[in-house]
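A look at the structure
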Amino acid sequence: MDSQTLKSIIQSEINDASGYIGGDLSDQRTKAMEYYLGEPFGNEEEGRSQVVSRDVADTIEWIKPSLLKTFAASDQAVRFDPEGPEDEEQSEQETDYCNYVFYKENEGFLILYTWINDALLQKNGIVKVYWDEKEETTREAYKGLDDDEFMKLMMDEELEPIEHSQYNTPFETIGPQGPMMQEVLVHDVVFKRTRKRGKVSILPVPPEEFLINRDHNTLSVKDAAFVAHKVDRRVSDLIAEGYDRKTVEGLASEDSTSDTTEAIARRNLSDEYTAMSRNDKSMRKVKVYECYIRVDYDGDGIAELRKVTYAGSEILDNEECDRIPFEAITPVILSHKFHGLSIYDLISDIQLIKSTLMRGMLDNLYLTNNPMKEVAEGTNLDDLATNRPGGWVRTKMPGLVNTLDVPFVAGQSFPMLEYMDRVRQQRTGVSENMMGQNQAMLNDTAHGIERLMSAAEARVELIARIFAETGIKGLFKQIHELLQKHQDKAKVIKLRNKWVSIDPREWRTRMNLSAKVGLGTGDRLKMSQAIEGVMAIQEKLMAGGGKGILVTRKNIFNAVNDFAKYNGLNDAQAYFNDPDSPEAQEAIKAQESQQPMNPLAEVEQIKGQFKMQADQMKSDMEMSMKKKEMDIDNKKFLLEYFLDMAKAEIEGAAKGVKADLGQPGIGTETKQDGFMPALKLSVSELQGFGEQTSAGLAQLLQRVEAMEANSNQLGQSLAALMDKVSKPITIVRDKAGRVAGAVRE
């Protein structure tokens, strides 16, 4: 295909494209902007109310905060799904980096704001995503460089010397003979540093600048036969981008008369619109069409996608490409159509009806406060025309001026206004309940509020889901693809409070994405309460022995992290440490070194302590039993000893009676031994031990009690014998004083 044929095809596609100059689409967009800005309808009458209700603007401005919170409140609008267990960490890194490119390297919030606003107001919002590579030139000057320093700079590929001078300069050195002066060659040089910087750029496109073939029947533009971005470019910028200077300077200029009605309606202030042209030719504006067209340029019978830059009647470049760099969204999808419905399309009639009602109410109020007058001849009309409080009117006679009273009926329009508000709510899902302006709702039950909020948010959440599943996901796929193809070296950035090296050349092609759609106020409240319940259960399980089995440190952190997120705190790590972080791992190791035993070991330790106590008790009982046995043996020994002594005493007494029998001076003597050993044992001690011991110790107690009984019986026998032995012996003498015998009392 030759160049002339391609020009003809391009021009034909532009003229036939949807969104080109004029047409119903252009008229609807123009009216939507006028309604949004509160411009007059064009049916106003002089001297009557010209108020305009702002329902379109109010509804859009009420919806935007919810939608922006959905996507901009989180650092991850989209997540790349892992394709296997080994891909978990890599997919998280790719997710973080693509979100970083969108929110940090581009103005993510402003892009979302403009994109969403265009969709809500003008049917479709369009963004362009492309790889932007620029050269940055800076000037660097160096003085007094030695040869090594100079050569090192000369080897830098980014530096180009533009000025250079060299000369000898003296300097002092210390030699064997003392200080001496020498000369050295130095360089003064000026370099031009040229750096090539490339990045993913994202640009919101005004809807009137976007052209698409009329028969395209889906919201996605990736398979469109023709798409173009129509934009005014300055001659200087085109030449700087490398286009042929002679060709560019020969292009016809664009004047203000070629502006679309949508652009004119947007620039509604007189200070924003000018037809003045500058005398500087390099600042002239020319209309440029960046076209993406499927055409069989190489003649193989298969249409390939080509990027063609077309201006005036010239083709500035023509190259094959692999994608269309645009993504589109719409709030209400119309099946089998590219253009959907905007909020203006849903409620423009409501704004017109309410404006008409309000104008009638105000006109009635004006006439009620300033009624018309019936005037007869003889009245000074100049006095009557001067309407002021406390004024007077000169008449020739009383009663010449009468008021034509107008009844006040404006109050009858209020029910109609309320009805139109309900219709608006049903169409858009936006109500005073959603904005928290209904005071009666504040006195309702929590469950009632939840139901009202959920119903009101359903429509807005559906819009958010449409945006996420269409434009947002497609945008992040293109960001991922551009980084893979064009970022030619690793980049070190800070993600999740850690510095990591990112090299997209190692990434795999991603097909599965999950768009995160934020929750409404009611859903956030329910999720927050659910997480609180989970944390309460975790606490009970930890106290009941489930630590490490049913509940881990990571489980607790996940619950706390989700609780913070659903309460509007996106960075839980600002308040809690992730157990997987290096700091937490060091703390865990320190705790384990101080408390090495696990719960099972602690149980075994307690069991060992109880066993030691039982063994000690048993040992004490055995020693006590041995002691009591020794006491009984001692008592037996004493009993035998005293029996022997009593026996010896009786025998000695008998011998003495025989020896002294009949000798004088011997009277009656009484001898009494008061010794009575206490052999009674304390049974209470043994009972005290018995209460602390088990069945084995009870057997020992029975043995001790048997010994106690034997000891008591032996003591009784000993006591009886001692009682008998201890009674006094009376020696009987005759008259001559000699011993005659002995009698025991």
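A few points on the structure. Not measured: the values here are computed from a predicted model. (Residues numbered from 1 in each chain as written. Predicted model: local features only at pLDDT ≥ 70, side-chain atom pairs only at ≥ 80, totals over all residues. Heavy atoms only, no water.)

This part is about the overall build of the protein. Scanning the protein for helices and strands turns up 20 helices and 17 strands. The 745 residues of the protein split such that 36% are buried. Of the contacts made within the protein by residues no fewer than 6 positions apart, 71% connect residues no fewer than 24 positions apart. For the protein, the exposed surface amounts to about 45100 Å²; the carbon and sulfur share of it is 52%. (Helix = DSSP H or I, 4+ residues; strand = E, 2+ residues; numbered from the N terminus. Buried < 20%, exposed > 50% of the residue type's maximum accessible area, 1.4 Å probe, protein only. Contact = heavy atoms within 4.5 Å. Areas by Shrake-Rupley, 256 points an atom, 1.4 Å probe, with all protein chains shown as cover.)

All right, on to unusual backbone geometry then. A positive phi angle is found at Lys-123, which is not glycine, with a value near 75°. One can find Lys-123 in the loop between helix 5 (108-122) and strand 2 (125-145). Phi angles above zero are rare outside glycine, and His-336 is one such case at about 65°. Position of His-336 among the secondary structure elements: in the loop between strand 10 (326-329) and helix 10 (343-369). Assessed through its relative accessible area of 67%, His-336 is described here as exposed.

The next thing to look at is helix 4 (residues 88-105). An ideal rise of 1.5 Å per residue puts 26 Å on 18 residues; helix 4 measures up with 25 Å between its terminal C-alpha atoms. Among the residues of helix 4, those classed as buried are Ser-91, Glu-94, Thr-95, Asp-96, Tyr-97, Cys-98, Asn-99, Val-101, Phe-102, Tyr-103 and Glu-105. (Expected span 1.5 Å × (residues − 1).)

This part covers the sheet that holds strand 9 (residues 314-320). On the basis of which strands lie adjacent, the open sheet formed by five strands has the order 5-6-7-8-9 and antiparallel pairing. Two strands in the sheet have a free side with no partner beyond their single neighbour: strand 5 (210-212) and strand 9. Each strand of the sheet is rotated relative to its neighbour by a mean of 20°, with strand direction disregarded. Relative to strand 8 (residues 304-311), strand 7 (residues 285-295) runs antiparallel, the two sharing eight bridges. Of the residues in strand 8, the one forming a bridge with Tyr-292 is Lys-307. (Pairing = 2+ DSSP bridges. Axes fitted to C-alpha atoms, helices over the stretch in contact; angles between N-to-C directions.)

So, on to the pattern of salt bridges. With the rule as written, the count across this model stands at 32 salt bridges. Notably, a salt bridge pairs Asp-349 with Arg-427, separated by 2.8 Å at the nearest N-O pair. Remark: Arg-427 occurs in helix 12 (residues 414-428) and Asp-349 occurs in helix 10; sequence separation between them is 78 residues. Its relative accessible area of 34% is what places Asp-349 among the partly exposed residues. (Salt bridge = Lys/Arg side-chain N within 4 Å of Asp/Glu carboxyl O.)

This part is about a negative patch on the surface. A contiguous patch of negative charge, built from Asp-146, Asp-147, Asp-148 and Glu-149, is present on the exposed surface. Residue placement: Glu-149 occurs in helix 6 (residues 147-154). (Patch = residues over 30% accessible without salt bridge, like charges linked within 9 Å, V, L, I, M, F, W, Y side chains within 5 Å. Lys, Arg positive; Asp, Glu negative; His and termini not counted. Charge placed at Lys NZ, Arg CZ, Asp CG, Glu CD.)

Summarising the sheet, strand 5 and strand 6 (residues 226-234) pair through three bridges and their orientation is antiparallel. By the bridge assignment, Leu-211 is partnered in strand 6 with Ala-228.

Below, the discussion takes up helix 5. Helix length check: helix 5, at 15 residues, gives a terminal C-alpha distance of 21 Å against a target of 21 Å (1.5 Å per residue), a fit within 8%. Along helix 5, 11 of the 15 residues are buried, which leaves the element largely enclosed by surrounding structure. Taken residue by residue, helix 5 has Gly-108, Ile-111, Leu-112, Trp-115, Ile-116, Asn-117, Asp-118, Ala-119, Leu-120, Leu-121 and Gln-122 as its buried positions. Just beyond helix 5, the residue with positive phi is Lys-123, at close to 75°.

Its location among the elements puts Glu-140 in strand 2. Among the polar contacts made by the side chain of Glu-140, one reaches the side chain of Tyr-142 at a distance of 2.7 Å. A distance of 2.5 Å separates a polar atom in the side chain of Glu-140 from a polar atom in the side chain of Arg-193. (Polar contact = N/O pair within 3.5 Å; in protein donor to acceptor, adjacent residues only side chain to side chain.)

Another point: the packing of aromatic side chains. Counted according to the given criterion, the structure contains 11 aromatic pairs. Seen from their ring centres, Tyr-97 and Trp-507 are 5.9 Å apart, and the 80° between their planes marks the pair as edge-to-face. Taken together, the positions of Tyr-97 in helix 4 and Trp-507 in the loop between strand 14 (498-502) and strand 15 (513-515) put the pair 410 residues apart, joining distant regions of the chain. Here Tyr-97 matches Trp-507 in class, with each residue buried. Between Phe-109 and Tyr-113, the aromatic rings sit 6.4 Å apart at their centres with planes inclined by 40°, giving tilted as the arrangement. Taken together, the residues Phe-109 and Tyr-113, both in helix 5 and four residues apart, mark about one turn of the helix. Under the relative-accessibility criterion, Tyr-113 is labelled partly exposed at 32%. (Phe/Tyr/Trp six-rings, centres within 6.5 Å; stacked < 30°, edge-to-face > 60°.)

Once that is clear, we can look at the environment of Ile-126. Structurally, Ile-126 can be placed in strand 2. Between the C-alpha atom of Ile-126 and that of Ile-116, which follows or precedes it by 10 residues, the distance is 9.1 Å. Ignoring any residue separated from it by four or fewer positions in sequence, one finds Ile-126 in contact with Trp-115, Leu-203, Pro-204, Val-205, Phe-210, Phe-326, Glu-327, Ala-328 and Phe-338.

Our next topic: the pairing of strand 14. Bridge count for strand 13 (residues 491-495) against strand 14 is five bridges, and the pairing is antiparallel. Each residue of the ladder has a partner; that of Ile-493, found in strand 14, is Val-500. As consecutive antiparallel partners, strand 13 and strand 14 are separated by two residues, and within that stretch Arg-496 has a phi angle of approximately 55°, a positive value.

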